[in-house]
Amino acid sequence: MGSESGRVKRGEQSRISQWLRRRQKPIAEDPGAEREALLLAVAAAGLPLAPAAHPAGYRCSCDRIGCPTPARHPISFAWQTQSTTDRAQVERWARNQPQANFITATGMVHDVLDVPLEAGTDALDRLLLAGIKVGPVAESGGTGDQARMLFFTATRGTPEDEDEWWPCALDCHPETMDEHPGLRWHCRGSYVLVPPAALPGDQAVTWIRGMEHPLPDPLTLLETLTDACATYAGTANLTPAVVAWPLGH
């Protein structure tokens, strides 16, 4: 009787151990839910979003032959008016288009200072060491000049006199980004991908510092970023891009 009781207890303990192991096994995160949560955090911070293309193998999901910016451009030509911070709309897009990347339209709430990854890494270290407040920062994967670091800042705002504004196309419009290997200032009329975003060749756009960090004034970062870009241009034998400034500033 005693041995039988022992076998029962051992059997119960075995079942309990198996149950505990199953309970302790880490639950796999739902990548769709994580993606949606990250996008909603961007929208909640006031940055307008719109759906973008995604990789289709090494090509772009759009129908454009030889797409110059594969998986890096909006789906709709009306992306500026389509961009929104509405939670319900972002949720619908994220759930109905599970592969889509997302862009955020710059120049309304925020700007983005876009620099080569090597220069950005050096600048970020210097900024943090100096105690300068740095906002959200993303890394955009790629090779060579395609590897970038994106510093999200508050926008310069829209001047009362429209003649005092230089549009972003003069500096770093997404269709001509390869012409500007140095610093690119995304303001009105431009956009950038927001994490999480997938790129051809198993590359990605990911957060280094998330949306929990407030957007800083871009001028507090500019000197350090331009210095780092000048150093990078010297070692890489590149000419730094000229940042577009509003007239009168």
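Computed from a predicted structure; not experimentally measured. (Residues numbered from 1 in each chain as written. Predicted model: local features only at pLDDT ≥ 70, side-chain atom pairs only at ≥ 80, totals over all residues. Heavy atoms only, no water.)

Moving on to the environment of W185. Mapped onto the fold, W185 is located in strand 8 (residues 184-186). Classification of W185 as buried rests on a relative accessible area of 1%. A polar atom in the side chain of W185 sits 3.0 Å from the side chain of D111. (Helix = DSSP H or I, 4+ residues; strand = E, 2+ residues; numbered from the N terminus. Buried < 20%, exposed > 50% of the residue type's maximum accessible area, 1.4 Å probe, protein only. Polar contact = N/O pair within 3.5 Å; in protein donor to acceptor, adjacent residues only side chain to side chain.)

To continue, consider the side chain of R35. Secondary-structure assignment places R35 in helix 2 (residues 31-44). Buried charge without a partner: R35 forms no salt bridge, and the closest opposite charge is E36, 6.5 Å away. At 2.8 Å, the side chain of R35 forms a polar contact with the backbone oxygen of Q97. Excluding residues within four positions of it along the chain, R35 makes contact with A94, Q97, P98, Q99, A100, F102 and P196. (Lys, Arg positive; Asp, Glu negative; His and termini not counted. Salt bridge = Lys/Arg side-chain N within 4 Å of Asp/Glu carboxyl O. Contact = heavy atoms within 4.5 Å.)

The share of residues in the protein chain with pLDDT of 70 or more is 72%, and the mean pLDDT across the chain is 80. Looking across the protein chain, the model is least confident in helix 1 (residues 2-24), with a mean pLDDT of 49, and most confident in strand 1 (residues 49-52), with 98. Long-range and interchain partners of residues 161-174, a stretch whose pLDDT sits below 50, account for 40 contacts in this model, where long-range means more than four residues apart. The low-confidence segment residues 239-249 (pLDDT under 50) makes 26 contacts with residues lying over four places distant or belonging to another chain. (pLDDT = per-residue confidence, 0-100.)

What follows is about the sheet that holds strand 9 (residues 191-194). What the 3 strands build is an open sheet, ordered 1-4-9; its pairing is antiparallel. A strand with exactly one partner marks an edge of an open sheet, and here the two such strands are strand 1 and strand 9. Taking the axes of each pair of neighbouring strands and ignoring which way they run, one obtains an average angle of 40° across the sheet. Sheet topology places strand 1 next to strand 4 (residues 101-105); 4 bridges connect them, and they run antiparallel. Within strand 4, the residue paired with L49 across the bridge is T104. Contacting strand 1, strand 4 and strand 9, helix 2 runs over the sheet at an angle of about 140° to strand 1. Set on the sheet, helix 4 (residues 87-96) makes contact with strand 1 and strand 4; between it and strand 1 the angle comes to about 15°. (Pairing = 2+ DSSP bridges. Axes fitted to C-alpha atoms, helices over the stretch in contact; angles between N-to-C directions.)

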